[in-house]
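Given next are the chains, with one letter for each unit.
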Amino acid sequence: MIRAALAPTVLGLSALVSCAGTEPSAPADAALASEPESVADAESAASDAAPVEPVEAKFDFSGELTQGGFIRGTVPAGTASASLGEQVLDIAPDGSFFAAFDRDSADSLPLTATLESGRILREDLSVSPREWQIQRVNVAKRPSGSSEAWWKRREPEWNAIQDARAKETGATGWTQDFIWPVKGRISGLFGRQRIYRGEPGSYHSGIDIAPGNGVPFVAPADGVVVLARTGFSLEGSLIIIDHGAGLNSAFLHASRIVVEEGQAVKQGDHIGNVGASGRATGPHLHWGLKWNAARLDPLLFTGPMD
Ligand SMILES: [Zn+2]
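What you see as residue numbers is a count from 1 along each chain, following the sequence as written. The model is predicted, so local features are restricted to residues of pLDDT at least 70 and side-chain atom pairs to those at 80 or more, both for listing and for counting; the totals for chains, interfaces and linings are taken over all residues.

A. Broad picture of the overall build of the protein chain. In terms of regular secondary structure, the protein chain is built from five helices and 21 strands. Exposure is read from a count of other C-beta atoms within 10 Å of each residue's own; the residue is exposed at 12 or fewer, buried at 20 or more and partly exposed in between. C-beta atoms are placed from the backbone. Across the 306 residues in the protein chain, those meeting the buried criterion constitute 31%. Contact between residues is assigned whenever the C-beta positions, reconstructed from backbone atoms, fall within 7 Å. Contacts spanning at least 24 positions in sequence make up 63% of the contacts within the protein chain whose residues lie at least 6 apart. Only runs of H or I of at least four residues qualify as helices and only runs of E of at least two qualify as strands under DSSP, and these elements are numbered from the N terminus.

Given below as structure tokens:
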């Protein structure tokens, strides 16, 4: 009687585990192999089998599964390496990770873990599309400044920005809930784009906040300053903060920089003041967020301004 009741339970568990794509785990095997000789043995076999379910290896995460959004979570137990699409993830010693979706992300991306056993677990993430602010204008697109003279000036700036963004500082700001670097009127949303007589211009890569000239702004999360310099032709006075795990913030057009390269900052620390340096039509803070090559929407990190 008890055996008859036990067998389907064990088989049921076993079936559930293999449906989920995980290897049969030891307790289930042991329970199947054992020959309970008494009621007491049968009961202990059943209770030994019970904890099998939570062992199921899978990703655990939450966040904004949308273009410009991000997720945080933990990798399956026994993960040796993991990736989102082609991008390899940084995995913290406790198994936690950060991953994000570019403004133009495909609507489905594989989240993959390679276990130490060599087994591969894959979960396809649905990334919801956004309705970006698109403005169609009946003027020709401006020449994009690709002249040799322009690039001669721009190349070292470009290289400095790429080098700064490639720095790995071990910062852990990526685990925090981000705050607004400064509050004020939002004068430009992330992702908006002009189409010039059918030819798309580059989209707006950050969010613009216009609280007034000279207003201090702060670090939205902990990090390390990887760039803090004046004189960039487009960005003006520019600060880049690494938040770790491939995530970094850029702050453009400052009137004043009060941090130095290499300095560790805490969330809420004053880092600079709003200005109109570089290519800016008026004083504002442009805040851009990148995870590796993906450009992200800061609004999804902070929530709406209250
Ligand atoms: Zn901007």
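B. Broad picture of the environment of Asp 124. Note that Asp 124 resides in strand E7 (residues 120–126). Residue classification places Asp 124 among the exposed residues on the basis of 10 C-beta atoms within 10 Å. For the pair formed by Asp 124 and Leu 84, sequence separation is 40 residues and the distance between their alpha carbons is 9.4 Å. Residue contacts for Asp 124: discarding those within four places in its chain leaves Ser 108 and Pro 110.

C. Fine view of the environment of Ile 241. Here Ile 241 is to be found in strand E15 (residues 236–244). Exposure remark for Ile 241: the 30 C-beta atoms within 10 Å place this residue in the buried category. Considered as a pair, Ile 241 and Val 224 are 17 residues apart in the sequence and their alpha carbons are 5.4 Å apart. For Ile 241, the residues in contact, after removing those within four places along its chain, are Ala 219, Gly 223, Val 224, Val 225, Val 226, Asn 248, Ser 249 and Val 265.

D. Geometry of the confidence of the model for the protein chain. One confidence number per residue, pLDDT, is output by the predictor and ranges from 0 to 100. Averaged over the protein chain, the pLDDT score is 85; the fraction of residues at 70 or greater is 81%. Across residues 1–47, confidence stays below pLDDT 50; counting only partners more than four residues off in sequence or on other chains, it has 48 contacts.

E. Expanded view of the sheet that holds strand E6 (residues 108–115). Pairing between strands requires that DSSP locate at least two bridges from one strand to the other. Judged by pairing direction, the sheet is antiparallel, and its four strands sit side by side in the order E4-E3-E6-E7 without closing on themselves. Lying at the two open borders of the sheet, with one neighbouring strand each, are strand E4 (87–88) and E7. Pairing of strand E3 (residues 79–84) with E6, which is carried by five bridges, proceeds in the antiparallel orientation. Bridge assignment links Ala 82 to a residue of E6, and that residue is Ala 113.

F. Highlighting the pairing of strand E19 (residues 270–273). Here strand E13 (residues 216–218) pairs with E19 via three bridges, running antiparallel. The residue bridging Phe 217 from the neighbouring strand is Gly 272, located in E19. For strand E17 (residues 256–257) and E19, the ladder comprises two bridges, and the chain directions are antiparallel. Across the sheet, the residue bridging to Ile 257 is Gly 272, located in E19.

G. Just unusual backbone geometry, in detail. Phi at His 253 takes a positive value of approximately 70 degrees, unusual for a residue other than glycine. Along the chain, His 253 falls in strand E16 (residues 247–254). Under the C-beta neighbour-count criterion, His 253 is labelled buried, with 24 such atoms within 10 Å. With a phi close to 50 degrees, Asn 292 is a non-glycine residue in the positive phi region. Relative to the assigned elements, Asn 292 resides in the loop between strand E20 (285–291) and strand E21 (294–296). For Asn 292, a count of 19 C-beta atoms within 10 Å translates into the label partly exposed.

H. Seen up close, helix H4 (residues 148–166). One less than the number of residues in a helix, times 1.5 Å, gives the span that helix is expected to have. Taking 1.5 Å of rise per residue, the 19 residues of H4 would be expected to cover 27 Å, and the 26 Å separating its terminal C-alpha atoms lies within 8% of that figure. Of all the 19 residues making up H4, one are buried; the element is thus mostly uncovered.

I. Broad picture of the sheet that holds strand E1 (residues 60–63). With antiparallel pairing, the three strands of this open sheet are ordered in space as E1-E2-E5. Of all strands in the sheet, those with a lone pairing partner are E1 and strand E5 (96–100), marking the two edges. Put simply, the sheet's adjacent strands are angled 20 degrees from each other on average, direction ignored. The sheet contact formed by strand E2 (residues 70–74) and E5 spans five bridges and is antiparallel. Looking across to E5, one finds that Arg 72 is bridged to Phe 98. Where helices are involved, their axes are fitted lines through C-alpha atoms of the stretch in contact, as for all axes, and angles between N-to-C directions lie from 0 to 180°.

J. Layout of the nonpolar core. Of all hydrophobic cores here, the largest spans 57 residues; its most connected members are Ile 239, Ile 240, Ile 241 and Phe 251. Ranked by residues supplied to this core, first place goes to strand E14 (residues 223–232) with six residues. Here the limits of each domain have been adopted from an automatic or database domain assignment. Counting contributing residues per domain, this core is built from domain 2 (60–126) and domain 3 (134–302), each supplying no fewer than three. With sequence-adjacent residues up to four places away left out, Ile 239 is seen in contact with Val 225, Leu 227, Ala 228, Phe 251, Ala 254, Ile 257, Val 259, Ile 271 and Gly 272. When buried Ala, Val, Leu, Ile, Met, Phe, Trp, Tyr and Cys residues are joined through C-beta atoms within 7 Å, the set is termed a nonpolar core.

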